[in-house]
Amino acid sequence: MDSNPNVLIVEDHDKLREMLIHHLGEHGYQVSGVPDAQGAQDLLVRSSFDAIVLDLNLPDENGLSLARRLRQAYPAIYIVMMTARNSATDRVAGYQSGADVYITKPSSGEELLGALNSWRRRNQQDPIDLAQIQFELQSRTLVGTQTVSLGSAETLLLQALCLAPHFRAEYFRLIELLDQAVDAKGKASLEVHITRLRKKLMQAGCT
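Residues numbered from 1 in each chain as written. Predicted model: local features only at pLDDT ≥ 70, side-chain atom pairs only at ≥ 80, totals over all residues. Heavy atoms only, no water.

**Concerning the overall build of the protein**
1) Next: Counting its secondary structure elements, the protein contains 8 helices and 8 strands.
2) Next: By the compact-globule yardstick of 17 Å for 207 residues, the protein fits well, its C-alpha radius of gyration being 18 Å.
3) Next: Reported as C-alpha extents along the three principal axes, the dimensions of the protein are approximately 55 × 35 × 30 Å.
4) Next: When each of the 207 residues of the protein is scored for burial, the buried share is 44%.
5) Next: For the protein, restricting intrachain contacts to residue pairs at least 6 apart in sequence, the fraction spanning at least 24 positions comes to 58%.
6) Next: With the model as given, the accessible surface of the protein reaches about 10,900 Å², and the carbon-plus-sulfur share is 49%. (Helix = DSSP H or I, 4+ residues; strand = E, 2+ residues; numbered from the N terminus. Rg over C-alpha atoms; globule rule 2.2 N^0.38 Å. Buried < 20%, exposed > 50% of the residue type's maximum accessible area, 1.4 Å probe, protein only. Contact = heavy atoms within 4.5 Å. Areas by Shrake-Rupley, 256 points an atom, 1.4 Å probe, with all protein chains shown as cover.)

Set out below in structure tokens:
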């Protein structure tokens, strides 16, 4: 990913779209905006994007179906859904369609910026080399320069990540694995467990 990620905003409200473009641009992002799904598809053919901010109520296509196609065509792209739909059912549908984070309107540009900055920090972290340690599933331990015990949630997460391509799994799947609701609270809980797991991996000798 470039030091200044490319972000595409798909939002049919002209003033909101322009405000978000301006706000993210002031904070080091390269930002383009389109008002509909067709515009997004046309631009994606010509340009490469690291992240997409997607409204669900688009004039030409349901944002959920667009998200599913984007996730299939661009598996690594970071998808932020930013919409007025705020029920638990809507959130679950959003995550199941491929969203990495779900923000409800009305929302400030600061919340979107915070989500993108968090994603950016995670992608700038050095990858963990699991070849340096052994993961003992039955005993729930990591064996390396030290032997480190894992909790049940950490064990489930590490097992799922080891089975996932490139050691990456979608947020909503990990949240469901922990038997949490796919909402902001569930996402926050997952991030706590991931942070603890990463610390234990490093304690065991991962670099």
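**Brief notes about helix H6 (residues 152-163)**
1) Next: In this model H6 runs 17 Å from its N-terminal to its C-terminal C-alpha over 12 residues, within 8% of the 16 Å that 1.5 Å per residue would give.
2) Next: Along H6, the residues classified as buried are Ala153, Glu154, Thr155, Leu157, Leu158 and Leu161.
3) Next: Where H6 is buried, its residues meet strand S6 (134-136), strand S7 (141-143), strand S8 (147-149), helix H7 (171-177) and helix H8 (184-204). (Expected span 1.5 Å × (residues − 1).)

**Quick look at the packing of H6 against H8**
1) Next: The interhelical angle for the contact between H6 and H8, taken along N-to-C directions, is 80 degrees, at an axis separation of 10 Å. In this view, H6 runs roughly perpendicular relative to H8, as classed from their interaxial angle. Along its contact with H6, which presents Ala153, Glu154, Leu157, Leu158 and Leu161, the element H8 presents Leu190, His193, Ile194, Arg196, Leu197, Lys200 and Leu201.
2) Next: A breakdown of the residues in the contact of H6 with H8 according to their chemical character gives 8 nonpolar, 1 polar and 3 charged. (Axes fitted to C-alpha atoms, helices over the stretch in contact; angles between N-to-C directions. Parallel < 35°, antiparallel > 145°, perpendicular 65-115°, else oblique. Nonpolar A, V, L, I, M, F, W, Y, C, P; charged D, E, K, R; others polar.)

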